[in-house]
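A look at the structure
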Amino acid sequence: MRYLRILGTWVLSVLREMGHMLIFLVHSFSFAFIPPFKFRVLLREIRFIGTRSMTVIFLMGSFTGMVLALQVFYTLRKVGSEAMVGPAVALSLIRELGPVLSALTITGRAGSALTAEIGIMRISEQIDALTAMALNPLRYLIIPKMMAAIIVFPLLTALYDVVGIYGGYFVGVKMLGLSSGTYFSEMKHWVEMKDIIIGTYKSLAFGVLVLWVCCYKGFYTGYGAEGVSKATTEAVVMSSILILVSDYVIGSLFL
Amino acid sequence: MIEIVNLHKSFNGQKVLNGVNLSIPKGELIAIIGESGGGKSVLLKHLIGLLRPDKGSVVVDGEDITKLSRKELDLMREKFGVVFQGGALFDSFTIYENIAFPLREKTRLSEAEIHEKVEESLEDVGLKGIEEKYPAELSGGMKKRVALARALITEPKIVLFDEPTTGLDPIKLHAIHKLIVDTRRKYGFTGVMISHDIPEIYEVADRIAFLFEGMIEVAGTPEEIVHSEDRIVRQFITGSLSGPIKTDHSM
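Definitions and limits used
Residues numbered from 1 in each chain as written. Chains lettered and ligands numbered in written order. Predicted model: local features only at pLDDT ≥ 70, side-chain atom pairs only at ≥ 80, totals over all residues. Helix = DSSP H or I, 4+ residues; strand = E, 2+ residues; numbered from the N terminus. Buried ≥ 20, exposed ≤ 12 C-beta atoms within 10 Å, placed from the backbone. Domains from an automatic or database assignment. Nonpolar A, V, L, I, M, F, W, Y, C, P; charged D, E, K, R; others polar. Pairing = 2+ DSSP bridges. Axes fitted to C-alpha atoms, helices over the stretch in contact; angles between N-to-C directions. Contact = placed C-beta atoms within 7 Å.

**Considerations on unusual backbone geometry**
All names here are of chain B.
- Cis rather than trans, the peptide bond between I198 and P199 has omega equal to 15°.
- Tracing the backbone shows P199 in the loop between β8 (190-194) and β9 (207-212).
- Even without being glycine, D61 reaches a positive phi, approximately 50°.
- Residue classification places D61 among the partly exposed residues on the basis of 13 C-beta atoms within 10 Å.

**Points about the domain arrangement of chain B**
Residues and elements named next belong to chain B.
- On domain assignment, one finds that chain B holds domain 1 (1-79 + 157-251) and domain 2 (91-155).
- Per-element accounting of the side of domain 1 that touches domain 2 gives the leading share, five residues, to helix α6 (residues 170-187).
- Of the residues in the side of domain 1 that touches domain 2, the class split is six nonpolar, two polar and two charged.

**Considering the sheet that holds strand β2 (residues 14-24) of chain B**
Residues and elements named next belong to chain B.
- On the basis of which strands lie adjacent, the open sheet formed by four strands has the order β2-β1-β4-β5 and antiparallel pairing. With one partner strand each, in any of the chains shown, β2 and β5 (63-64) form the two edges of the open sheet.
- Relative to strand β4 (residues 55-60), strand β1 (residues 2-11) runs antiparallel, the two being bridged by five bridges. What sits directly across from I4, in β4, is V58.

**So, the sheet that holds strand β10 (residues 215-220) of chain B**
All names here are of chain B.
- One open sheet accounts for six strands, arranged β6-β7-β8-β3-β9-β10; its pairing is mixed. At either end of the open sheet lies a strand with only one pairing partner, and these are β6 (80-83) and β10. Neighbour-to-neighbour, the strand axes of the sheet open up by a mean angle of 20°, direction not taken into account.
- Along the sheet face, helix α1 (residues 40-47) touches β3 (29-34), β7 (158-162), β8 and β9 and points at about 155° away from the line of β8.

**Remarks on the interface of chain B and chain A**
- Contacts between the two partners involve 15 residues from chain B and, on the opposite side, ten residues from chain A.
- Looking at the side of chain B that touches chain A, the elements that each hand over two or more residues are α2 (70-77), β6 and α3 (95-106) of chain B.
- The greatest single-element share of the side of chain B that touches chain A, amounting to three residues, is contributed by α3(B).
- Looking at the side of chain B that touches chain A, its residues break down into eight nonpolar, two polar and five charged.

Here it is in structure tokens:
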């Protein structure tokens, strides 16, 4: 009976937290369509989440493509299908690895920073100061970040894919001796618009999920430095898990 | 006019406010004193609707703010200016942007008019020339003066001060108190100030209310508080370790 009570309490607390998160998301998005719109703040967030993530996305993308090409080449050579390295690299990146790995990268670089920033604003009463000025913090803090994520995640994913494909090209063509024509022509033959659309849907979904979790955790952070640190860790862990779970769900829906 | 009626608030089952009753007439500056962690900031946050009470009401200019909708509450908040304990200045903004922020967001003033008002406000608090600095570059005392400038820039009718002098040396403390007196003379606001500064608070406040165990134990003029026969008040203002107020040392 005691264990049942503990389980029940845990389930209720999880449901309460989920409901709280959902209300936070709906409430935040309700401000996305009500003027005044904060374009300057939006641009600042695009710069923070997007532009400043480009270097790490470039590095991650290029090495992912290089590793993929290397592994796929040696696997396909066993069955005499080296020509398929291009499509294998491109399809893996566009459908799966590009959206997932770029989202995980942005979570680590920008998501954690956003949680910490909002959390510090909460504990230093800056959010209360906004409310006291009759300015809604969701409109000023949260919505510009979420809108920026919706714009930036697909673009960074596209960058990741392109850089990854050229990373694969470098290894496959320049180092392992595949012909350049084969690498790209097979890719054009096998990659369809549908694959690109699936990748884009995924990156959009990951953008909303990551910013939702990171902003929520920061907005309702605990007390003091420990509270902010805990919120940041929870935000990164929860975002990463949600990225992988939703990747599977979206992937299975569009198969 | 602010009327606090039978205000109750608990956090996780712990009672913080236990039936606060207090009336603050228009134009008065009242200081709320009391033990650390005794609910003074919680009480202040109820006055502007940052916290909702479990029971009771806060009536400002005839309207019970605990019953207002979000929109109505925002309208009510425009009457207020708040000086938070640590200043609550926006880290990513310069001092100029911090002070200009309420004007840019809440008024239709031109940039030239905003510039003029910000400069005047910085002059009022004796901080001209720091416009381009960031909050992290300022001392605690300067941050509090900037916070005061930001709170007063929209010329609010009511200003709430949450420990505006905590952590300052005696000279800076007197400077902030003088600033509050001067700006009050200039703008004529009603003020509610949380403070621990005894006896310095006597020179600023018209009235002092002593919050003890979630209720207003005594409220009166500084003269009345100094000569109060209430044992709790006497112990608090003299800082004695023995008496009805339990301290970590005496427990």
